[in-house]
Amino acid sequence: MQSFAANLDRNTFQTAVYSPTDGPRGKLLRKQGIPTFIGSDLFSVLEKFTPHVAHIHRAGWTEPGSLRPFKLARTPVLVETNVFGHHDPSPEAKLIDRHLFVSRFCAERFAKVNSIPAREPKYSVLYNPVDTDFFRDHCPAGRDLPQNSFGRISRADKGKWSNLALEFLPLLEEQVKKKELLPFSYKIIGGIPEAHQFVADKNLEQYVHFLPPVLTDGEIAEFLNSISFLVHANDTGESFGLVIAEAMAAGLPVITHPSRDMRDNAQLELVDHGVTGFVARTAAEYAQAVKFLLTHPHEAKQMGEKGRTKAEKLFRAQDIATQLGHIYLELLKTKKII
């Protein structure tokens, strides 16, 4: 949302952001010259700002009463970024003029589960925007990547973790003891208590380093410059996979894994096995992928640059915001607002 607001064409759109409560994103938005409205009374904000287009971000399922202010304010166009690809069958949902899925995976699963064709004019796919220009400049292709260092980044939330993120470590340690692999550094942002306990129980402290959370692209770039590839593991999967896309934009290969059943699997849409990284299904496969990237830095760098090319082509923030602007204008013309 912050990236959309910052990158929309300001010669065409006057943008503001509403949130019930203020937070760190509010400060960043205001620093970029984007007004913010904070409070519980959305209807009053709509009456004051009188937007032609309201764009909401939500999980996609029914949230009783949440869309009523837009109806009362007679907001001409309502757009939804459907973050997790769920379906809202309520009458209120008919107010939404366009549902945007953040990956092809989410759109295809939505269509399959709900027997609703996820296509225009009601539905379309719009990837989350990534500031690939920033990462290109701050994580340049010619930089020297740290040897024997890799990492993962997430919120410190159990729902963003998988045991796979840790179970490969003892396998690597055995190879270090056999001198088949040099000692390594695994940097983790978003460590949860269970992860700390696993590392302590397995006596892996010399290999694993827990770091504080980050917020800005600058902090993320600094972290990505301190590792040579990203390891991703999340049992619930990703409806898009922003940290994966950011690592790709920084020229790093990514190791990920498939999710079970109908869980989110957009991480497989981002990572091309053997091209921009690896898809591992077990701890042994994960350890094998980590070892390969640690011991083949040239190939790892080639994979990372292929990932960067893909990210710049598909996720560049300015391009995604331009696509979003075209959607707004198309809907406004359909409603005869412009």
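Residues numbered from 1 in each chain as written. Predicted model: local features only at pLDDT ≥ 70, side-chain atom pairs only at ≥ 80, totals over all residues. Heavy atoms only, no water.

Trainee: Describe helix α11 (residues 242-249), and please don't skip the residues or the numbers.
Mentor: Most of α11 is tucked away, with six of its eight residues classed as buried. What α11 keeps buried is the set I244, A245, E246, A247, M248 and A249. Those residues of α11 that are buried are in contact with α6 (132-138), α10 (217-224), β10 (230-231), β11 (254-256), α12 (267-270) and α14 (297-314). Residue G251 follows α11 closely and has a positive phi angle near 80°. (Buried < 20%, exposed > 50% of the residue type's maximum accessible area, 1.4 Å probe, protein only. Helix = DSSP H or I, 4+ residues; strand = E, 2+ residues; numbered from the N terminus. Contact = heavy atoms within 4.5 Å.)

Trainee: Describe unusual backbone geometry, listing the residues and the values that go with them.
Mentor: That bond from E120 to P121 is cis: its omega, 10°, falls within 30 degrees of zero. If you check the backbone angles, R74 has positive phi at about 55° while not being a glycine. Within the fold, R74 resides in the loop between α4 (68-72) and β4 (77-82).

Trainee: Pulling in residues and values, what's your account of the sheet that holds β4?
Mentor: Picture the strands of a sheet paired through backbone hydrogen bonds; they go either parallel or antiparallel. What the four strands build is an open sheet, ordered β3-β4-β5-β6; its pairing is parallel. Unpaired on one side and paired on the other, β3 (53-58) and β6 (123-125) mark the two borders of the sheet. Recorded for the sheet is a direction-independent mean angle of 25° between the axes of neighbouring strands. Note that strand β5 (residues 98-101) and β6 share three bridges and pair parallel. The partner of H99 across the bridge, within β6, is Y123. Across the sheet, helix α15 (residues 317-334) touches β3, β4, β5 and β6, and the angle it forms with β5 is around 165°. (Pairing = 2+ DSSP bridges. Axes fitted to C-alpha atoms, helices over the stretch in contact; angles between N-to-C directions.)

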